[in-house]
There are 2 protein chains.
Amino acid sequence: MNYPEPIAKLIDSFMKLPGIGIKSATRLAFYTINMNDDDVSIFSKALMDAKRKLHFCSICGNITEDDPCEICQDKDRDQTKVLVVEQPKDLVSMENMHEYTGLYHVLHGVLSPVEGKGPEDINISGLVKRLQKHPEIKEVIIATNANPEGEATAMYLSKLIKPAGIKVTRLAHGLSVGSDIDYADEMTLIKAIEGRTEM
Amino acid sequence: MNYPEPIAKLIDSFMKLPGIGIKSATRLAFYTINMNDDDVSIFSKALMDAKRKLHFCSICGNITEDDPCEICQDKDRDQTKVLVVEQPKDLVSMENMHEYTGLYHVLHGVLSPVEGKGPEDINISGLVKRLQKHPEIKEVIIATNANPEGEATAMYLSKLIKPAGIKVTRLAHGLSVGSDIDYADEMTLIKAIEGRTEM
């Protein structure tokens, strides 16, 4: 005996999500059928809407309903700077700090030999074309994650872009604000010493 | 700045699920919009179908498309035994062992003073009415979980049903098959000694 078909199908769908195995999927499916009707309808509709209405901005690669996205359309933003992130959610983190007023470019991944991801698998050619088309861009700030793949991608981009006479910068590495030195890992301490600033 | 509305709504929906916070919900939402169209449509439809097509069996409380459910309709099953479980998924575990051929009753919960759940909040009155209506039921096997709430519920049911002259039994407690004694907790060992059987 198995579950009735409608719940078996729902379990299958939940199992397609990352990090959700059969136990969690079953728990979520049973939870869902006990949710109220409205919440389930909204959930079902949200899935379709997110898939149908969202696109990637043809300029920066951000997720957007309109093309170009709000940020690319905003002429009040600093048109001389482009900050490069791995994912749209990184862009949102940057925007939430309300400090950076330039433009963005979303790579949708990083170079990763282990996963077989090369320069043609992420949105690098889009960045290169954009820099050629917009000579007003004077600085590219690379904000990939501080792990080996992120570092390798930053290095690759730097070597690609610098020859065109564009300034390439990288986010600072160092101690998190509020953190204790004895909890910091060695690599972070090395980077914090290398990047020390005069007081 | 926040996420575009369609993805924000999807994040909200994922956050309504148990054990999913904002970080996981965001990860799942972004994963979903990168899934292929068919998988998302199937997921969306599975949610609505599970909610629309499934009901609780009016006899045993199991989740079913038809009422009464397949098991309650099956006259080949042993009509003298009713096995009481907390949730429909426990019923599926029992069915998967292909050993038990009697009927079931699903409580949809346990007595839990901490959560303010009393006898009227779970499917106990349904069980009592069923036992009165079907004098052919000679044994009620209680298979609630082996935790304090499950034990208390078993005790409550036993006191309620026994006076009617119906045999009430409880699943055996003891060592899991294949387990090592030095990994078993004390309560399990106590139960294993109490329930020792002659060889």
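Predicted, not measured: the structure shown is a model, and the values here were computed from it.

A. Representation of the relation of the copies chain B and chain A. Rotating chain B by 180° about the axis while translating it 0.0 Å along that axis superimposes it on chain A, leaving an RMSD of 0.1 Å. The symmetry that links the two subunits is that of a two-fold axis. It is Ser44 of chain B whose C-alpha, among those of chain B, lies nearest the rotation axis, at 2.2 Å. Interface residue correspondence from chain B to chain A reaches 100%, placing this contact among same-surface, isologous pairings.

B. Molecular detail of the UniProt feature "domain: Toprim" (unreviewed entry) in chain A. In the numbering adopted here, UniProt assigns the feature "domain: Toprim" (unreviewed entry) to residues 80-176 of chain A. Counting secondary structure, residues 80-176 of chain A comes out at 34% helix and 18% strand; the distance between its end C-alpha atoms is 28 Å.

C. Structural context of the state of the cysteines. Residues and elements named next belong to chain B. On inspection of all chains with the given rule, the structure shows zero disulfides over all chains. With no disulfide partner, Cys57 has as its closest neighbouring cysteine sulfur the one in Cys60, 3.8 Å distant. Counting only cysteine sulfurs, Cys60 is the nearest neighbor of Cys72, a cysteine outside any disulfide, at a range of 3.7 Å.

D. Structural view of the UniProt feature "zinc finger region: C4-type" (unreviewed entry) in chain A. According to UniProt, the "zinc finger region: C4-type" (unreviewed entry) feature falls on residues 57-72 of chain A. Along residues 57-72 of chain A one finds 19% helix and 12% strand; the C-alpha atoms at either end are 8 Å apart.

E. Structural view of the packing of helix α2 (residues 22-34) of chain A against helix α3 (residues 37-53) of chain B. Here α2 of chain A crosses α3 of chain B at 55°, and the two axes come no closer than 9 Å. Between α2 of chain A and α3 of chain B, the crossing angle belongs to the class labelled oblique. The interaxial crossing formed by α2 of chain A with α3 of chain B has right-handed handedness. Of α3 of chain B, the residues touching α2 of chain A (which contributes Thr32, Ile33 and Asn34 of chain A) are Leu47, Ala50 and Lys51 of chain B.

F. Just unusual backbone geometry, in detail. Residue and element names in this part refer to chain A. Asp67 connects to Pro68 through a cis peptide bond whose omega is -5°. Within the chain, His108 stands out as a residue other than glycine whose phi angle is a positive 55°. Mapping His108 onto the fold places it in the loop between β4 (103-106) and α6 (124-133). What makes His108 partly exposed here is its relative accessible area of 24%.

Cut-off values and rules
Residues numbered from 1 in each chain as written. Chains lettered and ligands numbered in written order. Predicted model: local features only at pLDDT ≥ 70, side-chain atom pairs only at ≥ 80, totals over all residues. Heavy atoms only, no water. Least-squares fit on C-alpha atoms with pLDDT ≥ 70 in both. Contact = heavy atoms within 4.5 Å. UniProt positions renumbered as here; feature names shortened; annotations may be inferred. Helix = DSSP H or I, 4+ residues; strand = E, 2+ residues; numbered from the N terminus. Disulfide = S-S within 2.5 Å. Axes fitted to C-alpha atoms, helices over the stretch in contact; angles between N-to-C directions. Parallel < 35°, antiparallel > 145°, perpendicular 65-115°, else oblique. Left-handed = near helix turned anticlockwise from the far one by under 90°. Buried < 20%, exposed > 50% of the residue type's maximum accessible area, 1.4 Å probe, protein only.

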